[in-house]
Amino acid sequence: MGGAVVDEGPTGIKAPDGGWGWAVLFGCFVITGFSYAFPKAVSVFFKELMREFGIGYSDTAWISSILLAMLYGTGPLCSVCVNRFGCRPVMLAGGLLASLGMVAASFCGSIIQLYLTTGVITGLGLALNFQPSLIMLNRYFNKRRPMANGLAAAGSPVFLCALSPLGQLLQDHYGWRGGFLILGGLLLNCCVCAALMRPLEASRPGSGPGPQRPARRLLDLSVFRDRGFVIYAVAASIMVLGLFVPPVFVVSYAKDLGVPDTQAAFLLTVLGFIDIFARPAAGFITGLKKVRPYSVYLFSFSMFFNGFTDLTGSTASDYGGLVVFCIFFGISYGMVGALQFEVLMAIVGTQKFSSAIGLVLLLEAIAVLIGPPSGGKLLDATHVYQYVFLLAGAEVLASSLVLVLGNFFCIKKRPEVAVEEGERHKPPADVRVDSREVEHFLKAEPEKNGEVVHTPETSV
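Because the structure is a prediction, the values reported are computed rather than measured.

Let's talk about the pattern of salt bridges
Pairing between side chains of opposite charge can happen when their charged atoms approach one another. For the structure shown, the criterion picks out 5 salt bridges. Two residues, Arg51 and Glu48, come together in a salt bridge whose shortest N-O distance is 3.0 Å. Of this pair, Arg51 and Glu48 both sit in helix H2 (residues 46-53), 3 residues apart, which is roughly one turn of the helix. By relative accessible area, Arg51 is classed as exposed at 58%. Here Arg177 ties to Glu52 by a salt bridge, and the two come within 3.3 Å at their closest N and O atoms. In this pair, Arg177 is assigned in helix H8 (residues 155-186) and Glu52 in helix H2, connecting sequence segments 125 residues apart. Several salt bridges converge on common partners, so that one network encompasses Arg145, Arg292 and Glu342.

Take a look at the structure:
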């Protein structure tokens, strides 16, 4: 998720909606998979890390939280790097950093060192890959953007299905240190994906100078004047408090119920397998003409569905119940993942999207640092996993209510106001206008007739 990147590429270039864009989509698919699945897949190693370093649940949960916080909160840094060097070089450097962090983590002797290597270095590397890849995807797709976002977002569950059992397999055969070393080697594939990010070039049929690039800002803070953006930012921040908690703790929950380690890790595979189909399906549905104007409400429903699933999942008392929970969580989680970027762009528009997403991610980074560790603290205090799932569900439910109620009461009437303005300026149907009066009016006041009345964009 790109930070406030102002490198918007050449102006006047129409998005190809295909062609080399499919290669860019594949690269974004792989990078999205590593970026989002990695913090969850690392949770497979938590039990082993707790035994090795003698620490609690909340201490190990900080690894995933720092990874996600770096992924979400480094928007301004990515902005400066992309603006100075371009998307492809930044992504190449990010792939090297992500790999270096995991390789260094395999030699760590304390949990603090793991925070620095796996959390900070690998998290920064993934951020330098993920955020520019999203920018490139939005440059290459316009009309097919909902579909492209849904397909790219499917990389997360696909890689979760693969990385979770692979992590368990590596831990069983090579220990957590050998597993981290091999995962570091796999992250070098991010550099391959970076090579696919070919910049768009403007075609110049004439010899004249190209279009002038308008003045740009590093961060356009004017988005805070948009009520739709403010509501979205508040709702998204609350949602992130609980959204990532269940995937982090569901494996440990199953092991606590006496489920074998391999079967417990398989729960993330079930979740990811369902998520694979949920994300593209949500993207295709959102792209429909009759559905796209109501994407905000569809996003709110997906958040409500996710929170309700967490609440019902807290009642699971055996492995079968956790499997059912992972199925429904995968559906709702996939809907959230496929819709979040499309909804934000629908609210702020293309021009302010890069700044808006950076600001949103900075706010979400704070919530990411609070969510899983607070769940770990609650677990350490109560030793009851049900309370963790109840807390996460309540937070996600609250975010859905903030979004739908705020959007309904603060923004719904804006299109109606625009219609009323248009009706007020429309001449009466029964009034006849003489052609000579029109000609006289055009000659008398030409400067007024050059004004264009723009219909304001709405967030719905």
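Description of a nonpolar patch on the surface
A surface patch of nonpolar side chains, amounting to about 620 Å² of accessible area, comprises Phe304, Phe308, Leu401, Leu405, Phe408 and Phe409. Counting residues per element, the ones that place at least two in the nonpolar patch are helix H13 (295-313) and helix H16 (385-410). With 4 residues, H16 is the largest single contributor of residues to the nonpolar patch. By the secondary structure assignment, Phe304 is in helix H13.

Some words on helix H14 (residues 319-348)
Counted at 1.5 Å a residue, the expected span for H14 with its 30 residues is 44 Å, and the 43 Å between its end C-alpha atoms agrees. At Leu339, H14 shows its largest kink, close to 35°. Summarising burial for H14: 21 of the 30 residues are buried, a large majority. Where H14 ends, the next residue or the one after it, Gly349, has phi of about 85°, a positive value.

What about the environment of Phe107?
For Phe107, the location among the structural elements is in the loop between helix H5 (87-105) and helix H6 (111-140). Classification of Phe107 as exposed rests on a relative accessible area of 66%. Placed 10 residues apart in sequence, Phe107 and Thr117 show a C-alpha to C-alpha distance of 9.9 Å.

Points about the nonpolar core
Ranked by internal contacts, the top residues of the largest apolar core, which has 121 residues, are Phe38 and Tyr72. Tallying contributions element by element places H14 first for this core, with 13 residues. When residues of this core are sorted by domain, at least three fall in each of domain 1 (16-199) and domain 2 (219-413).

Details of the state of the cysteines
Applying the stated criterion to the full structure yields 0 disulfides. Of the cysteine sulfurs around Cys193, a residue in no disulfide, the closest is that of Cys190, at 6.2 Å.

Definitions and limits used
- Residue indices follow the written sequence of each chain, beginning from 1 at its first position.
- In view of the model being predicted, local features appear only for residues whose pLDDT reaches at least 70, and side-chain atom pairs are presented and counted only at 80 or more, with totals across whole chains, interfaces and linings using the full set of residues.
- The basis for every side-chain value is the complete set of non-hydrogen atoms in the structure, without hydrogens or water.
- Here a salt bridge means any side-chain nitrogen of Lys or Arg lying within 4 Å of a carboxyl oxygen belonging to Asp or Glu.
- Here a helix means four or more residues in a row that DSSP labels H or I, a strand means two or more in a row labelled E, and each is numbered from the N terminus.
- Each residue is placed in one exposure class: buried if its accessible area under a 1.4 Å probe, protein chains only, is under 20% of its type's maximum, exposed if it is over 50%, and partly exposed if it falls in between.
- To count toward a patch, a residue needs a relative accessible area over 30% and no salt bridge; like charges are then connected within 9 Å, while nonpolar side chains (Val, Leu, Ile, Met, Phe, Trp, Tyr) are connected within 5 Å.
- Computed with the Shrake-Rupley method and a 1.4 Å probe, the accessible areas treat only the protein chains shown as cover for residues.
- For a helix, the expected span equals 1.5 Å multiplied by the residue count minus one.
- To get the bend at a given residue, fit one axis to the seven residues ending there, fit another to the seven starting there, and take the angle between those axes.
- In this description, a nonpolar core means a group of buried Ala, Val, Leu, Ile, Met, Phe, Trp, Tyr and Cys residues linked to one another through side-chain atoms lying within 4.5 Å.
- Marked domain ranges trace back to an automatic or database domain assignment.
- Note on terminology: disulfide denotes any pair of cysteine sulfur atoms within 2.5 Å.

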